[in-house]
Each structure stands twice: as C-alpha cells, then as structure tokens.
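Residues per chain are reported as follows:
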Amino acid sequence: MKKHGPWTIRSTEQIYQDPFVELILDQVIRPDGAPGQHVVVHMKPGVCVLAIDDQNRVHLTKEFHYAVGRYSLEGVSGGIEPGESKELTAKRELKEELGLVARKWDDLGSCDPFTSIVLSPTQLYLARELEEQTASPEGTELIERVTLPLEDAVEKVMTGEITHGPTCILILKANLLAG
C-alpha cells in the first residue's frame, strides 16, 4: 500500500506499453474510503516550440492528427528521446518539422496538457532569430507551415481555431512578453 495524495494505491499493473505510451491500472482506495481502480496513461515527455520571426510572425505546423481526426494548427511538438535533453529535442524538432534553426531560445516553463488520467509533461520554448534550412519530417508527418502575425494567432486561440493546449499557452505567453 502506498499513499498517493488522498488516494491509497493497493497494487499497480502495467496493461500496455510501446515506445510512446504506457497504460497503468491501479487498484486503489479512493478518497471517500471505497475501493476502486484508476487508470493512468503515461505519454513520453515532450516539447512544444513557438517560432517567432523578426516581423513578429509565428510559424506553426498544420497537420492531420489521427486522434482528433482533423487538421490542427500547432507549434512544433515532439517527444523527448531517451538520453536527449529537452532543449536538444526542441532544436531537433524545429529543424525537422519546419526547417528552422533559432539562435535565441527562451524556456517558458512546462505544462501538463492533461491532469486526470494522462501524464504528459510538455516543456515550452520560444524560438527567435530564425534561419531557414531544409525540413526533414518523419514519414508519418505531412506538415504544412502556416505563418501569421502573432496577434492573428492570439485571435485563433481566442476563437477556438487553435486548440492544442501547449500551443495556446505559448501563443498567449509570447503575446504577453511582446507587450
């Protein structure tokens, strides 16, 4: 038995695991004292990068995402490989997905896109002083670059056109930092 906040974990069983996700089933005693179970999905920790150029335009990805079944506008995102630092992942993903290299990087903290059953910590970065190079997306990534003024990106967050949580946070933080 192990305390976990107001919960008590009686036993833990790994139900599924692949390189990106692990599914854990805990037998628990709930905060109300009743027995129960709780599932936790562990996703590979990741990064999200918002690239902003000297004209205060953001560079986003537009890509079909299988889980939501539609195209989504997002910052550059990706999973942190074992042994790779968060910043190196951010730099690698920015070059792979958009063909951009940044000379200035700002760490804007982390976020938890989900908090009840999914553990998926995401480190947030602002990339500036951009240089164009050649993109080299993975075989599953059919990415279109969308470039728009930061204020237009803020409007898309506010109207719900941009829904990716880490990207929304980055756009709103970048807007606050820009004054």
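Residues numbered from 1 in each chain as written. Predicted model: local features only at pLDDT ≥ 70, side-chain atom pairs only at ≥ 80, totals over all residues. Heavy atoms only, no water.

A short note on the overall build of the chain
Line of reasoning, step 1. Helix and strand counts for the chain stand at 3 helices and 12 strands.
Line of reasoning, step 2. Dimensions of the chain, computed from C-alpha atoms along their principal axes, come out at roughly 55 × 35 × 30 Å.
Line of reasoning, step 3. When each of the 179 residues of the chain is scored for burial, the buried share is 36%.
Line of reasoning, step 4. Restricting the contact set of the chain to residue pairs at least 6 apart, pairs at least 24 apart contribute 54%.
Line of reasoning, step 5. Accessible area for the chain stands at about 10,300 Å²; split by element, carbon and sulfur atoms hold 54% of it.
Line of reasoning, step 6. If you average the places of the 18 positive and of the 28 negative side-chain charges in the chain, the two averages end up 4 Å apart. (Helix = DSSP H or I, 4+ residues; strand = E, 2+ residues; numbered from the N terminus. Buried < 20%, exposed > 50% of the residue type's maximum accessible area, 1.4 Å probe, protein only. Contact = heavy atoms within 4.5 Å. Areas by Shrake-Rupley, 256 points an atom, 1.4 Å probe, with all protein chains shown as cover. Lys, Arg positive; Asp, Glu negative; His and termini not counted. Charge placed at Lys NZ, Arg CZ, Asp CG, Glu CD.)

A word on the layout of surface pockets
Line of reasoning, step 1. Its boundaries defined by the atoms lining it, the largest pocket holds a volume of some 1,400 Å³.
Line of reasoning, step 2. Met 43, His 65, Glu 74, Ser 77 and Gly 78 are, among the 37 residues lining the largest pocket, the residues nearest its centre.
Line of reasoning, step 3. Looking at side-chain class alone, the lining of the largest pocket contains 14 nonpolar, 14 polar and 9 charged residues.
Line of reasoning, step 4. For the second largest pocket, the calculated volume is near 380 Å³.
Line of reasoning, step 5. Along the walls of the second largest pocket sit 19 residues, with His 4, Asp 26, His 38, Val 40 and Ser 116 positioned nearest its centre.
Line of reasoning, step 6. For the lining of the second largest pocket, the secondary-structure elements that each account for two or more residues are strand 1 (2-4), strand 2 (7-17), strand 3 (21-29), strand 4 (35-43) and strand 10 (118-119).
Line of reasoning, step 7. A per-class count over the lining of the second largest pocket returns 9 nonpolar, 7 polar and 3 charged. (1 Å grid on protein atoms, 1.4 Å probe; cavity = no way out; pocket = protein on both sides within 12 Å on 5 of 7 lines; lining within 4 Å. Points joined across faces, edges and corners; volume = space filled by probe spheres on them. Nonpolar A, V, L, I, M, F, W, Y, C, P; charged D, E, K, R; others polar.)

Focus on helix 2 (residues 150-159)
Line of reasoning, step 1. Among all positions of helix 2, only Leu 150, Ala 153, Val 154 and Val 157 are buried. All buried residues of helix 2 fall inside an arc of 105° around its axis, so they share one side. Facing away from the buried surface of helix 2 by more than 90 degrees, the exposed residues are Glu 151 and Thr 159.
Line of reasoning, step 2. Close packing links the buried residues of helix 2 with strand 6 (57-65), strand 12 (144-149) and helix 3 (165-178). (Arc of directions from axis to C-beta.)

Let's talk about the state of the cysteines
Line of reasoning, step 1. Going through the model one piece at a time under the given rule, you end up with 0 disulfides.
Line of reasoning, step 2. Between Cys 111, a cysteine without a disulfide, and Cys 48, which holds the nearest cysteine sulfur, the sulfur-to-sulfur distance is 7.5 Å.
Line of reasoning, step 3. The exposure class of Cys 111 is buried, given its relative accessible area of 9%. (Disulfide = S-S within 2.5 Å.)

Some thoughts on the packing of aromatic side chains
Line of reasoning, step 1. All chains considered together, the criterion is met by 2 aromatic pairs.
Line of reasoning, step 2. Between Phe 64 and Tyr 71 the ring centres are 5.6 Å apart and the planes differ by 75°, which places this aromatic pair in the edge-to-face class.
Line of reasoning, step 3. Judged by centre distance (6.0 Å) and plane angle (80°), the rings of Trp 105 and Tyr 125 are edge-to-face. Of the two residues, Trp 105 sits in strand 9 (residues 100-111) while Tyr 125 sits in strand 11 (residues 122-132), which places them 20 residues apart along the sequence. Each of the two residues, Trp 105 as well as Tyr 125, counts as buried.
Line of reasoning, step 4. Between Lys 62 and the ring centre of Tyr 71, over which it is positioned, the NZ or CZ distance is 6.0 Å. (Phe/Tyr/Trp six-rings, centres within 6.5 Å; stacked < 30°, edge-to-face > 60°. Lys NZ or Arg CZ within 6 Å of the ring centre and 35° of its normal.)

Side note on the pattern of salt bridges
Line of reasoning, step 1. Summed over all chains, the structure comprises 11 salt bridges.
Line of reasoning, step 2. With a closest N to O distance of 3.5 Å, Arg 92 and Glu 96 form a salt bridge. Note that Arg 92 and Glu 96 are positioned in helix 1 (residues 86-98) at a spacing of 4 residues, about one turn of the helix. (Salt bridge = Lys/Arg side-chain N within 4 Å of Asp/Glu carboxyl O.)

Topic: the pairing of strand 11
Line of reasoning, step 1. By the bridge criterion, 6 bridges tie strand 5 (residues 46-52) to strand 11 in an arrangement that is parallel. Across the sheet, Val 49 pairs through a bridge with Tyr 125, a residue of strand 11.
Line of reasoning, step 2. In the sheet, strand 9 pairs with strand 11 via 9 bridges, with the strands oriented antiparallel. Directly across from Asp 106, in strand 11, lies its bridge partner Leu 126. (Pairing = 2+ DSSP bridges.)

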